[in-house]
Amino acid sequence: MENKKSHSFFKFDIVSFYPSISQTLFEKTIAWCKEYISISEEEYSIILNARKSFLFKDLEPWRKKNDSLFDVPMGAYDGAEICELVGLFILSKLAEVIPNAFLGLYRDDGLAIVKGSGPQLERLRKKVFEIFKNLNLKVTIEANMKKCDFLDVLFDLNNQTYKPFRKNNQQILYINKESNHPRTITKQLPGMISKRLSDLSCSKKVFDEETPAYQEAIRNAGYSEELEFEKNEYKSKVSKNRRSRKIIWFNPPYCQTVKTKVGKKFLALIDKHFKDTKLEKYFNRSTIKISHSCLPNLDNIISKHNKKILVKEIKKCNQSSMCNCRGGINNCPMNGKCLENSLIYKAEVEITKPNPSKKITSPSKTYIGMASNTFKERYRNHTLSFRNEKYQNNTSLSKHIWDLEKKEIPYRITWTIAGKAPK
């Protein structure tokens with residue numbers, strides 16, 4: 001890019017990108033993709049069906065506000081791919097107002113380099129806001145910046161430099177050399193750090209300025225190697241049409257206390273049982289590879305154990321917090337669940353001793369009600385209408401109770417939860 005000093009950074013961040021991707025936006029993205037590639041109806045149906053998500057807590061399903069099962073959850077098998085696909089569609093819209101060569105987007109973080117005065121950039125901000133508004137997305141924008149951090153790089157247009165970026169209070173931590181990790185990982189770590197810092201540094205001078213903090217971090221982790229600058233030599237890679245090989249990976253857990261060479265013995269078994277057989281074509285050292293997986297550290301094991309124990313205690317606390325009646329559950333009208341909210345309750349009025357001299361149409365009656373707040377608040381309103389005659393017409397239940405009271409017929413009310421209202 002020529003004349004960098006006359007340009008400025010235009011940075012934007014999509015708010016809650018994953019959960020904000022609606023089915024309408026997804027359908028628009030697929031329609032845009034069909035202009036460039038072929039997507040069959042069966043493929044589209046599979047992708048759309050994979051977007052259905054269900055969330056359960058304590059064996060109870062939670063429902064979305066819009067009552068839709070469509071979702072792009074973070075951590076899903078194809079969540080990042082859907083996010084990037086929608087991101088490409090957004091870039092196609094933004095390219096109408098920002099030159100495509102100076103525009104990029106990674107997940108929910110976007111960066112562009114633009115040229116213009118303050119009023120021109122303000123008009124550009126409004127256009128970008130309008131584009132995201134039409135897609136039913138929210139975005140935050142920072143414009144007219146000469147220095148900008150994006151992901152883990154800090155760019156400076158004035159000095160025409162770039163260098164590694166980290167927050168001032170961010171502590172640098174690396175796995176200890178003596179930790180329970182495969183030697184291939186601990187051996188390669190200093191070299192990987194050097195390469196990363198070299199790639200993020202525009203020159204050796206910048207590298208030397210940023211290195212001390214990282215050098216101290218690897219010293220604290222037990223490494224003696226020195227971080228060295230590696231000159232960036234970007235070569236255009238010629239794509240070769242190579243056949244993708246199907247590989248089966250064996251991932252045994254790694255532990256330093258295990259002295260047996262698991263990988264060597266495993267590959268020896270492959271040679272023993274499949275070599276010179278009809279299955280050698282499918283099961284050999286080229287189609288079956290081995291890579292150790294790391295076990296959780298002691299901190300994770302302890303926290304997982306504590307969480308398992310604490311869940312039981314939390315459930316007990318939640319049960320006790322569902323009732324605040326004097327005398328405990330024995331005096332609770334809802335059997336210890338009087339503080340439940342958003343529920344549908346049932347009141348069964350049962351006549352304990354029928355009076356033959358009084359005409360009664362039915363020996364028992366059932367009343368169904370709904371409480372948007374806690375049941376206890378609703379219960380107090382009911383008992384108020386039972387005690388005060390001026391409120392006897394508040395509900396059909398209070399009418400029936402006052403009818404029994406006037407006829408001096410004894411009764412008993414049993415309260416139960418009939419169901420839960422949708423969240």
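Now for a description of the structure that goes with this document. (Residues numbered from 1 in each chain as written. Predicted model: local features only at pLDDT ≥ 70, side-chain atom pairs only at ≥ 80, totals over all residues. Heavy atoms only, no water.)

## Regarding the sheet that holds strand β1 (residues 7–14)
With antiparallel pairing, the four strands of this open sheet are ordered in space as β4-β5-β1-β6. Across the chains shown, the open sheet's two edge strands, defined by having one partner strand only, are β4 (103–106) and β6 (139–145). For this sheet, the mean angle separating the axes of adjacent strands, direction not counted, is 15 degrees. Direction of pairing for β4 relative to strand β5 (residues 109–115): antiparallel, over a ladder of four bridges. Each residue of the ladder has a partner; that of Leu 105, found in β5, is Gly 110. Each of β1 and β4 touches helix α4 (residues 79–94); the most contacted strand, β4, lies at about 160 degrees to it. (Pairing = 2+ DSSP bridges. Helix = DSSP H or I, 4+ residues; strand = E, 2+ residues; numbered from the N terminus. Axes fitted to C-alpha atoms, helices over the stretch in contact; angles between N-to-C directions. Contact = heavy atoms within 4.5 Å.)

## Here we look at the sheet that holds strand β14 (residues 341–351)
Sheets are built from strands paired through backbone hydrogen bonds, the pairs being either parallel or antiparallel. Reading across the sheet, the three strands line up as β15-β14-β16 and stay open at both edges, with antiparallel pairing between neighbours. Here the strands that pair on one side only, and so sit at the sheet edges, are β15 (364–374) and β16 (411–420). Averaged over neighbouring strand pairs, the angle between their axes works out to 25 degrees when direction is ignored. Note: β14 against β15, nine bridges, orientation antiparallel. Each residue of the ladder has a partner; that of Leu 343, found in β15, is Ala 371. Against the sheet, helix α10 (residues 375–387) engages β14, β15 and β16, with an angle of about 130 degrees to β15.

## Looking at the pairing of β5
Extensive coverage of β5 is indicated by the burial of five of its seven residues. Relative to β5, β1 runs antiparallel, the two being bridged by seven bridges. In the sheet register, His 7 faces β5, and the bridge partner there is Lys 115. Following β4, the chain reverses through two residues before pairing antiparallel with β5; Arg 107 in that reversal takes a positive phi of roughly 55 degrees. (Buried < 20%, exposed > 50% of the residue type's maximum accessible area, 1.4 Å probe, protein only.)

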